[in-house]
Amino acid sequence: QRRLLPRDIVHKLFEIQSIYQPHGYVSGDLYDFIFDKDKMILHGIIIDVMGHGIAATAQTGVLKYLFMQAKEKKIPLHARLGWINREVMTFFEGGGFAAAFLFEFDFSSNILTYSAGGINHFIVINAQGTEIIKAPGLFLGINEKEIFDQKTLQFTSGDSFLFLTDGLFELLPKSLDKELGFDGMQTLCKTLALDGKHRDDASSVGIQIL
């Protein structure tokens, strides 16, 4: 399953540091990111499928494949998440659902666009400190006709973003130290993911703008 994960990237525009810690032998978590050098857009998704077994692992693979297809569609980001949701419905006919968070960093305009489907928060670290951003959106695989929101944020050099599955987010302290910075948050998340106390898969994608 780890072979499905992309390698971390160090680029002149950004750096990616990821965390992937399954609760058991296989995981319901997965993430993917792809940088389009021609359009200067970093596409990404983080996925959290209900459960930890083989079925959940297979469903993460389906969602990764659908992300690759959706990336090529010339429709808004929230419409791509809606398309993924419709396509994945048949894989949840026996019950269950998936959480996902779709994002794009456009380095030609310095705008982050995101759409949430069950992963309803992410962390921003900038000159003002560390902030948890809430992002509404229903889980995938529940309502075929669900319409997802889309929002944007301006970013600049030095800003950082952490996209986490619930298994890791729920381990974070209720009050985050606003002085931790990107490296400090990465260290904290790695420590929490590896301490053996988590009851769920724990994953994150951390992106620092250079």
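Definitions and cut-offs
Residues numbered from 1 in each chain as written. Predicted model: local features only at pLDDT ≥ 70, side-chain atom pairs only at ≥ 80, totals over all residues. Heavy atoms only, no water. Buried < 20%, exposed > 50% of the residue type's maximum accessible area, 1.4 Å probe, protein only. Helix = DSSP H or I, 4+ residues; strand = E, 2+ residues; numbered from the N terminus. Pairing = 2+ DSSP bridges. Contact = heavy atoms within 4.5 Å. Axes fitted to C-alpha atoms, helices over the stretch in contact; angles between N-to-C directions.

> Which parts of the structure should I look at to understand the pairing of strand E9 (residues 160–164)?
Buried residues dominate E9, accounting for five of its five residues. Along E9, one buried face is formed by Ser160, Leu162 and Leu164 and the opposite face, lined by Phe161 and Phe163, is buried too. Pairing between strand E6 (residues 121–126) and E9: three bridges, direction antiparallel. Directly across from Ile125, in E9, lies its bridge partner Ser160. Note: E9 against strand E10 (residues 202–209), five bridges, orientation antiparallel. In the strand pairing of E10, Ser160 is matched with Gln208.

> Whenever I open this one, the environment of Leu188 confuses me. Can you help?
For Leu188, the position within the fold is in helix H4 (residues 181–194). For Leu188, a relative accessible area of 23% puts it in the partly exposed group. For the pair Leu188 and Phe148, spaced 40 residues apart in sequence, the C-alpha separation works out to 31 Å. Apart from the residues lying within four places of it in its own chain, the contact partners of Leu188 are Leu172, Pro173 and Leu180.

> Got a minute to help me understand the sheet that holds strand E1 (residues 14–21) in this structure?
The pairing of strands in a sheet comes from backbone hydrogen bonds and takes either a parallel or an antiparallel form. The strand order across the open sheet built from five strands is E1-E10-E9-E6-E7, with neighbouring strands paired in antiparallel fashion. Strands with a single pairing partner mark the edges of an open sheet, and in this sheet they are E1 and strand E7 (129–134). In this sheet, adjacent strand axes meet at a mean angle of 15 degrees when their direction is disregarded. Two strands pair when backbone bridges link them, and E1 and E10 are joined in this way by eight bridges, in the antiparallel orientation. Of the residues in E10, the one forming a bridge with Ser18 is Val205. H4 contacts E1, E6, E9 and E10 of the sheet and is inclined by roughly 15 degrees relative to E1.

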